[in-house]
Amino acid sequence: MKRSAGILLPITSLPSRYGIGCFSKSAYDFIDWLKEAGQTYWQILPLGPTSYGDSPYQSFSTFAGNPYFISLEALIEEGVLTEEECEEADFGSQLEDIDYEKLYQNRYPLLRKAYERSKVSENADYLRFVEENKWWLSDYALFMAVKDRFEGVAWTQWAEDIRLRWGFAMDYYRRELYFEIEFQQYMQFKFFEQWRRLKAYANQKGIALIGDIPIYVAMDSADTWAHPELFQLDEQNVPCAVAGCPPDGFSADGQLWGNPLYRWEYHKQTGYEWWVSRLAYCFRLYDVVRIDHFRGFDEYYSIPYGAESAKIGHWEKGPGIELFRCVEQRLGWHEVIAEDLGYVTDSVRQLVADSGFPGMKVLEFAFDSRDSGSANDYLPHNYMENSVAYTGTHDNETICGWFESISKAEQQMAREYLCDLYTPKELLYKAFIALVMRSNAKTCIIPMQDYLGYDNTCRINTPSTVGTNWRWRLTEEDLSKELQEEILGIAKRYGRI
């Protein structure tokens, strides 16, 4: 088995000219940079269109792509936008921060101009794309067009006829919103056209892309609106129960996510057809698929709809290994990473083992004085070969911020484990990276901020908070030749080239 390494960096965090990282030249430059740094993988976050809060884990569709990622530079080259139009748009002035409000206000008008100039209805490639993807695209484009007609409110607040998808209402809105629907389809066409080109370039350079999919879909999504039978909803499509996590040492109230829960008995009766389709789609988009909250396939936490916190809830059995046996039988073997973090029971461990997928090991969990039992699983000398090791993930503090925030006793534990009592703490991040890289884990993925030695001002996400997440961006100066050579040296040193 080949030892390898990669870097975790969201597409949004790439440097770019127009407010947010996207499929522009900076993405291609980053792939070149990764290759020269001796890396094998680029791990990203979910690519779906985001809603309120801008979280990629709460998307309007599990199949669609985020229009923010469409390269405006590429549209300029096509001649459907001008450089002057893009330069005049206000996307914010901070190179290291994403202003989502300004993006929403100014990027979509530009994309609309591009659509209106594109004559896309005469484009054979577009027509082929619509036909090949109509099994999800038709519902998604209509969903987004109707959402705009109802001024962005959740579909649960739409008029009853379209909320419940009555036939005459569906026909009416398809006629009434024809061009708005076509605009949505155009944006998806451009997204996937540019994404396929970027992925092909990465693979040509020897870089494999690790995609990320949430286990759940958002309540306010085309998936839930179009296929209520898949979820635990009542006759009026109101949730019976929603997803979350119970209270623990990190959160006294637990986490109330609010996603609709799956009606697993129905999925079983269909041979897990929706999941087979979903994963088949993801296996085409990515080289490796990371499935978030993998433990939910073993047991999932069910919270009554309307509860104010996750304190009131109970565990229910998930589909278990049967789902993945069905997927493998239909699709063959594909590379998957099981995000098995959090409260891990013996049955969860067994599910991961039975699946054959590598689980995740996060160094920041290894020195938790509150939970020495599970923390032991995250000490690098215990990592199994069939695992993917991280210093931290997008939900964690940066490694520098983490060390600053833990107790003195935990800092001492970490230093003793490193056999390093003297290195200044602002340089310890290099020792922590080396610790993970020399572990037995087949693959190591390091967040870009950790290689840069950045503190928590560069953190991607703080769970259970809104307004300050998913905003951090690299600058071009961050991707220096010196850092590239340092990362290459680490990969060579620990046999991960």
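My aim in this report is to walk through the structure given alongside it, one point at a time. Keep in mind that this is a model prediction, so the values were computed, not measured. (Residues numbered from 1 in each chain as written. Predicted model: local features only at pLDDT ≥ 70, side-chain atom pairs only at ≥ 80, totals over all residues. Heavy atoms only, no water.)

Describing helix 14 (residues 346-355)
At step 1: Val348, Leu351, Val352 and Ser355 are the residues of helix 14 that are buried. On an axial view of helix 14, the arc spanned by its buried residues comes to 95 degrees, and they lie on one face. Turned more than 90 degrees away from the buried face of helix 14 sit Asp346 and Ala353, all of them exposed.
At step 2: Buried residues in helix 14 make contact with helix 13 (321-331), strand 9 (336-338) and strand 10 (359-362).
At step 3: Gly356 lies just past helix 14 and shows a positive phi near 80 degrees. (Buried < 20%, exposed > 50% of the residue type's maximum accessible area, 1.4 Å probe, protein only. Helix = DSSP H or I, 4+ residues; strand = E, 2+ residues; numbered from the N terminus. Arc of directions from axis to C-beta. Contact = heavy atoms within 4.5 Å.)

A word on the packing of aromatic side chains
At step 1: Counted according to the given criterion, the structure contains 61 aromatic pairs.
At step 2: Taking 5.8 Å as the distance between ring centres and 45 degrees as the angle between the ring planes, the aromatic pair formed by Tyr262 and Trp274 counts as tilted. Remark: Trp274 occurs in helix 12 (residues 273-285) and Tyr262 occurs in the loop between strand 5 (255-260) and helix 11 (264-269); sequence separation between them is 12 residues.
At step 3: Residue Tyr262 is classed as buried on the basis of its relative accessible area, which comes to 1%.
At step 4: Owing to a relative accessible area of 11%, Trp274 belongs among the buried residues under this scheme.
At step 5: Ring geometry for Tyr262 against Trp275: centres 5.5 Å apart, planes inclined by 65 degrees, an arrangement best described as edge-to-face. Linking Tyr262 in the loop between strand 5 and helix 11 with Trp275 in helix 12, this pair joins segments that are 13 residues apart in sequence.
At step 6: The aromatic ring of Trp225 is capped on one face by Arg165, whose charged end is 4.4 Å from the ring centroid.
At step 7: Looking at Lys361, its charged tip hangs above the ring of Tyr378, at a distance of 5.7 Å from the centre. (Phe/Tyr/Trp six-rings, centres within 6.5 Å; stacked < 30°, edge-to-face > 60°. Lys NZ or Arg CZ within 6 Å of the ring centre and 35° of its normal.)

Section: the packing of helix 12 against helix 13
At step 1: Direction vectors running N to C along helix 12 and helix 13 enclose 60 degrees, while the axes themselves pass 10 Å from each other. As far as their axial angle goes, helix 13 and helix 12 are oblique. The interaxial crossing formed by helix 12 with helix 13 has right-handed handedness. Residues Glu273, Trp275, Val276, Leu279, Ala280 and Phe283 of helix 12 lie in contact with helix 13, whose contacting residues are Leu323, Cys326, Val327, Arg330 and Leu331.
At step 2: For the contact of helix 12 with helix 13, the residue count by class is nine nonpolar, no polar and two charged. (Axes fitted to C-alpha atoms, helices over the stretch in contact; angles between N-to-C directions. Parallel < 35°, antiparallel > 145°, perpendicular 65-115°, else oblique. Left-handed = near helix turned anticlockwise from the far one by under 90°. Nonpolar A, V, L, I, M, F, W, Y, C, P; charged D, E, K, R; others polar.)

Let's talk about the side chain of Asp292
At step 1: Along the chain, Asp292 falls in the loop between strand 6 (288-291) and strand 7 (299-304).
At step 2: Look at Asp292 and you get buried, because its relative accessible area is 16%.
At step 3: Within the structure, Asp292 has its side chain in polar contact with the side chain of Arg290 (distance 3.3 Å).
At step 4: Setting aside residues up to four positions removed in sequence, Asp292 forms contacts with Tyr57, Asp212, Ile213, Pro214, Ile215 and Glu339. (Polar contact = N/O pair within 3.5 Å; in protein donor to acceptor, adjacent residues only side chain to side chain.)

What about the environment of Glu316?
At step 1: Counting through the fold element by element, Glu316 comes out in strand 8 (residues 314-317).
At step 2: Separated by 20 residues in sequence, Glu316 and Gly296 have C-alpha atoms that sit 9.2 Å apart.
At step 3: Here Glu316 is in contact with Asp298, Glu299, Tyr300 and Ser302, once residues within four sequence places are set aside.
At step 4: Only 2.7 Å separates the side chain of Glu316 from the side chain of His314, close enough to count as a polar contact.

Section: the pairing of strand 4 (residues 241-245)
At step 1: Across the five residues that make up strand 4, a large majority, five, are buried.
At step 2: One ladder, built from three bridges, connects strand 4 with strand 7; its direction is antiparallel. Across the sheet, residue Ala243 finds its bridge partner in strand 7, namely Ser302.
At step 3: Pairing between strand 4 and strand 5: three bridges, direction antiparallel. Bridge pairing links Gly244 to Leu256 in strand 5. (Pairing = 2+ DSSP bridges.)

As for the sheet that holds strand 10
At step 1: As summarised here, the arrangement of the eight strands in space is 9-6-3-2-1-12-11-10, forming an open sheet in which the pairing is parallel. The strands lining the two open edges of the sheet, one partner per strand, are strand 9 and strand 10. This sheet shows a mean twist of 25 degrees between the axes of neighbouring strands, independent of strand direction.
At step 2: Note that strand 11 (residues 387-390) and strand 12 (residues 443-447) share three bridges and pair parallel. Bridge assignment links Ala389 to a residue of strand 12, and that residue is Cys444.

Regarding the sheet that holds strand 4
Within a beta sheet, neighbouring strands are joined by backbone hydrogen bonds and run either parallel or antiparallel to one another.
At step 1: Pairing in this open sheet of four strands is antiparallel, and the strands run 5-4-7-8 from one edge to the other. Looking at the sheet topology across the chains shown, the edges are occupied by strand 5 and strand 8. For this sheet the average axis-to-axis angle between neighbouring strands, irrespective of direction, equals 50 degrees.

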